[in-house]
Each structure stands twice: as structure tokens, then as C-alpha cells.
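# Chains, contacts and geometry: an overview
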Amino acid sequence: MSVVIFLLLTSGVLIQAWRDLSRPDAWDYWKDLYSTPSMTSSLADNVELDGRRRAALVLRGKIGPAAASWFRERLDEARLKPGDLVLLSSPGGDLSQSVIMGEIIRARGLVTAVGTIDGAGQVRPGSCASACVFVYAGGTERFDIGGSRLGVHRFTTRGGGSGDPVADTQRVTGLVLSYLKRMGVSASLVEAMSATSDIRWLDSREAAAMNLVTAQSRGPRG
């Protein structure tokens, strides 16, 4: 009987795995999560930001189809505390994954900034565009690093939705607006996104007016 139960359980797992792998994007997901993640991370201690030293998880690269799961694992390994920093430098990527990453950041009470870390442990300017902006929006505080850039553009929907492009766009717009409201970011960010298909770099005053940037930090020392 135990053998029969084992075989039934094993067959159930294999059937589910086959269903998962038969999806068009399944291999991309597994590759991003287990083989060659599209993002890289490093942990930096004693990063000075706004007069306070914090631990920081530094993320770079494109936001892939499994980025949220990968990110959660990196956070668990880093053991960041509320008030610690997620430092971003990314051209964007998967919109839904970026929203989940932002939700994770908010749930853990972390702050965000755009930039990189140099060999001396100093924060240097970076860029965060497209879907990366939604990860950045998850911060309980969102710091403006001198010289760093936030870029937005019109989002697009891919296959796999309802088959109606208009309905899919409306659904995604609703998701984005709901997310931004929870994060305390103005809906005017979506208006800025909708205005262009090319990257539009927000200046500091625009980003602050949208409540996307909520805290100022001195730029890196030369």
C-alpha cells in the first residue's frame, strides 16, 4: 500500500511539473530562477545613506520572469531589517514581477534608492527605468541619489491575456493604479508613462511632485 501511495504522489508531482513546463514561458521562468538569473545581487554592510549606516542589497540587471521568487530568496539570505536598503540599477523587464518585488519590499519595511556601490563601498549614481520604477516604488522611503535617474514609458501587454488587447491594457492599467495607490505614489506617474513609448527621464522635481521620491540624500562624495 505504501508503494502505491508513493507512486500516486510521484505521478501527481510529475503531472504538475509537466503542466508547468508545457506553458510557453515555463522554460524562461525555470532558467531565470535556477540556471542563469537575469539579475545579480550583492550585500553591502555599513552603506551611508542620509546620515545613517545601513545594510544594503544591491540589485543589477533586467527583471526576468522569475525575478520575484529569486529576489525573495536573496532577501532571506541577506536578513535585512526594516529600514535597510534595496539599491537598484535596472533597465526594467517584467511588469508583474516588478510589482510583486515592490510588495515584498514594502512588507519588509525596506527603503529604496537608485544607484550602485563602488569598490570603496560608496553609493554611486545609477538608473532605474521602465518596470524597475515599480520595484523602487515599494520602498517605505524612496531616496533620491544625486545623479541617479528614474525613467518611464508606456507599458505594453504580451500574449497570454484575454485575447482582447484593449481589455488586457485596461486590466494592467487597473493593476498598476491600484499598486501605486497602495505605495502612496500619485496616479500622475501613469499619465507620464502613457505619454511616450520611449524612455522619459523624470527630473527630481517631477518625481517628488508625484511622491515617487520621498526623501533626499546627498550625492556621493567625489
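Look up: the structure comes first, before these words.
The structure contained in this document is the topic of the report that follows.

The rules behind these values
Residues numbered from 1 in each chain as written. Predicted model: local features only at pLDDT ≥ 70, side-chain atom pairs only at ≥ 80, totals over all residues. Heavy atoms only, no water. Pairing = 2+ DSSP bridges. Helix = DSSP H or I, 4+ residues; strand = E, 2+ residues; numbered from the N terminus. Right-handed = clockwise from strand over helix to strand, strands pointing away. Axes fitted to C-alpha atoms, helices over the stretch in contact; angles between N-to-C directions.

## Some words on the pairing of strand S2 (residues 52–61)
- Alignment of strand S1 (residues 39–49) against S2, held across nine bridges, turns out to be antiparallel. Opposite Ala 44, over in S2, you have Ala 56 as the bridge partner.
- Where S1 folds back on S2, the antiparallel hairpin that results is connected by two residues, among which Asp 50 adopts a positive phi of roughly 60 degrees.
- Here S2 runs beside strand S3 (residues 85–89); their pairing, made up of five bridges, is parallel. Considered in S3, the bridge of Leu 57 is made with Val 86.
- As a crossover connection, the stretch from S2 through helix H3 (residues 67–78) into S3 is right-handed.

## What to know about the sheet that holds S1
- Taken together, the six strands give an open sheet; going across it, the order is S1-S2-S3-S4-S8-S11, and neighbouring strands pair in mixed fashion. At either end of the open sheet lies a strand with only one pairing partner, and these are S1 and strand S11 (215–217). Strand-to-strand, the axes of this sheet are offset by a mean angle of 30 degrees, without reference to chain direction.
- By the bridge criterion, two bridges tie strand S4 (residues 111–114) to strand S8 (residues 142–145) in an arrangement that is parallel. Bridge pairing in S8 places Ala 113 opposite Phe 143.

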